[in-house]
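Chain by chain, the residues:
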Amino acid sequence: MAGVTYDNVTKKYGDVTALKNLSLEIYDREFLVLVGPSGCGKSTALRCLAGLEEITEGEIRIGDRVVNDVPPKDRDIAMVFQSYALYPHMSVYDNMAFGLKLRKTPKDEINRRVHEAAQILGIEPYLDRKPKALSGGQRQRVALGRALVREPSVFLLDEPLSNLDAKLRVQTRAEITKLHKKLATTFIYVTHDQVEAMTMADRIAVMKDGVLQQVASPQELYDHPVNLFVAGFIGSPAMNFFNGTLTGDANEMYVDTGAFRLRLSDETAKKVNAYLGKSVVLGVRPEDVHSPEFLPTDVLGAAIHARVELTEMMGSEIYVYMVAGEDQNFIGRIDPRAKYTMGQEVEVVFNLDSIHLFDQDTEKALL
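Enquirer: I would appreciate a short explanation of the overall build of the protein chain in the present structure.
Expert: Secondary structure assignment for the protein chain yields nine helices and 20 strands. Relative to its full complement of 367 residues, the protein chain shows a buried share of 50%. Of the roughly 17,400 Å² of accessible surface on the protein chain, a fraction of 47% belongs to carbon and sulfur atoms. In the protein chain, 42 positive and 51 negative side-chain charges are present, and the distance between their average locations comes to 9 Å.

Enquirer: Can you help me understand the pattern of salt bridges in this one?
Expert: Close approach of charged atoms allows side chains with opposite charge to pair. Evaluation of the coordinates by the stated rule reveals 21 salt bridges. Here Arg169 and Asp193 are joined by a salt bridge, their closest N and O atoms 3.3 Å apart. Note that Arg169 is positioned in helix α5 (residues 166-183) and Asp193 in the loop between β8 (186-191) and α6 (194-200), a separation of 24 residues in sequence. Residue classification places Arg169 among the buried residues on the basis of a relative accessible area of 18%. Its salt-bridge partner being Glu309, residue Arg307 comes within 3.3 Å of it at the nearest N-O pair. Sharing partners across several salt bridges, the network here consists of Glu109, Arg112, Arg113, Glu116 and Glu151.

Enquirer: What exactly am I supposed to notice about the sheet that holds strand β16 (residues 301-313) here?
Expert: Strand pairing in a sheet is mediated by backbone hydrogen bonds. Such pairs are either parallel or antiparallel. In space, the five strands of this open sheet follow the order β15-β19-β16-β17-β18, with antiparallel pairing throughout. The outermost strands of the open sheet, each flanked by one partner alone, are β15 (289-290) and β18 (328-334). Pairing of β16 with strand β17 (residues 318-324) involves six bridges; the strand directions are antiparallel. Bridge assignment links Met313 to a residue of β17, and that residue is Ile318.

Enquirer: What is the right way to read the environment of Ala147 from this model?
Expert: Among the secondary structure elements, Ala147 is positioned in helix α4 (residues 136-148). Separated by 156 residues in the primary sequence, Ala147 and Ala303 place their C-alpha atoms 54 Å from one another. Those residues in contact with Ala147 that sit more than four places away from it in its chain are Ala78, Val80, Pro152 and Phe155.

Enquirer: Looking at this model, I keep getting lost on α4. Mind explaining?
Expert: Helical geometry note: an α-helix holds 3.6 residues per turn, so side chains three or four residues apart project in the same direction. Over its 13 residues, α4 extends 18 Å from the first C-alpha to the last, a length consistent with the 18 Å expected when each residue adds 1.5 Å. Burial within α4 is extensive, with 10 of its 13 residues counted as buried. Residues of α4 that are buried: Gly137, Gln138, Gln140, Arg141, Val142, Ala143, Leu144, Gly145, Ala147 and Leu148. Where α4 is buried, its residues meet β6 (77-80), α2 (92-102), α3 (107-121), β7 (154-158) and α5.

Enquirer: Any chance you could explain the sheet that holds strand β13 (residues 261-263) here in plain terms?
Expert: With antiparallel pairing, the five strands of this open sheet are ordered in space as β13-β12-β11-β14-β20. Looking at the sheet topology across the chains shown, the edges are occupied by β13 and β20 (356-359). Sheet twist, expressed as the mean angle between neighbouring strand axes with direction ignored, is 35°. Here strand β11 (residues 240-249) pairs with strand β12 (residues 252-256) via five bridges, running antiparallel.

Enquirer: When you look at unusual backbone geometry in this model, what are you seeing that I'm missing?
Expert: The amide bond that connects Ser236 to the next residue, Pro237, takes the cis arrangement and shows omega of -5°. Within the secondary structure layout, Pro237 lies in the loop between α8 (228-233) and β11. Positive phi, close to 70°, is recorded for Arg29, a residue that is not glycine. Along the chain, Arg29 falls in the loop between β2 (16-26) and β3 (31-35). Within the chain, Lys104 stands out as a residue other than glycine whose phi angle is a positive 60°.

Enquirer: Would you mind showing me how to read the nonpolar core here?
Expert: In globular proteins that are soluble, nonpolar side chains generally tend to be buried together. Core analysis: the largest hydrophobic core is formed by 48 residues, its most contacted members being Met96, Val114, Leu157, Ile176, Tyr189 and Val206. Leu246, Val289, Ile304 and Leu357 belong to the second largest nonpolar core, which has 32 residues in total.

Enquirer: Help me out: how do you make sense of the side chain of Arg141 in this one?
Expert: As for its position among the elements, Arg141 is in helix α4. By relative accessible area, Arg141 is classed as buried at 13%. Excluding anything up to four places from it in sequence, Arg141 contacts Leu121, Gly122, Ile123, Gln171 and Glu175.

Conventions and cut-offs
- Residues numbered from 1 in each chain as written.
- Predicted model: local features only at pLDDT ≥ 70, side-chain atom pairs only at ≥ 80, totals over all residues.
- Heavy atoms only, no water.
- Helix = DSSP H or I, 4+ residues; strand = E, 2+ residues; numbered from the N terminus.
- Buried < 20%, exposed > 50% of the residue type's maximum accessible area, 1.4 Å probe, protein only.
- Areas by Shrake-Rupley, 256 points an atom, 1.4 Å probe, with all protein chains shown as cover.
- Lys, Arg positive; Asp, Glu negative; His and termini not counted.
- Charge placed at Lys NZ, Arg CZ, Asp CG, Glu CD.
- Salt bridge = Lys/Arg side-chain N within 4 Å of Asp/Glu carboxyl O.
- Pairing = 2+ DSSP bridges.
- Contact = heavy atoms within 4.5 Å.
- Expected span 1.5 Å × (residues − 1).
- Axes fitted to C-alpha atoms, helices over the stretch in contact; angles between N-to-C directions.
- Core = buried A, V, L, I, M, F, W, Y, C linked by side-chain atoms within 4.5 Å.

What follows is the structure, encoded as structure tokens:
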């Protein structure tokens, strides 16, 4: 088993910098998820670790070994891609065994590993089938099994669930998480889906434009994003943002957005006293927007007026799309017992204990 270290790794394609001074330590046996929008550098980081891309600057270590110049086959890693990349003319067994045969692994050992991996992944009944006779979820498990038989120090998974339907994605991500616990091996997983990241990861590394933004546990990222980008990326639906100004004084401070004015709690006001009179961005998660009628007893709330533009019934909650003032659009995840109709003028309550404030210029968190 081994951890992985990126030490000031830069990767350039001509004038384009895909990775910029990436420094990241991934612990032994950790499940780390690299997440970010398309083009942020997450897959490039994985490919550099696998040896499929040559880095421009810096150092990559697997355990204590620098692997910059080590061929991919000697890095003791196994990679699962978005595409299953199975050989259509081979059986499931032969697909899983192919890499071991190339390495001239003894037949008995190949047989043991293939059957062991197939049992773990629940695909033993399909070992004699060809890939075309399998469902998408079964093919993805074969691709996982092919990596599993290698018994590597590090598993690399590059958006392996992208080709599955919604139900299979949920099922397969649970299987991968269980697999990680069972194998106790380092997993590095790339996705643009922040729900996958939140549900699977021990820690999440959020990337944007080749630059690492924040590394933390899912809960830490959710509760304490370091900047506007991370705050907007983590959470579904995304956090609501309102441009505003801090007004008042140290004893009574407000965020004035033009459409509404919120008085800050005394605790929050103390933390942002130095920004009084400056432009800020107020962040409020949809789940911190409540109906006054069904306000939880422990919420310190502030009411604002808004107009309902659209509602979406989700069963356990309603997504209510609203506008405050002329153009301050936001979403609330509201108790399903509340009744809202399009065009209705309503009052909703923001949870003041859970608001976020960001510097409008630097986009850094102030709380």
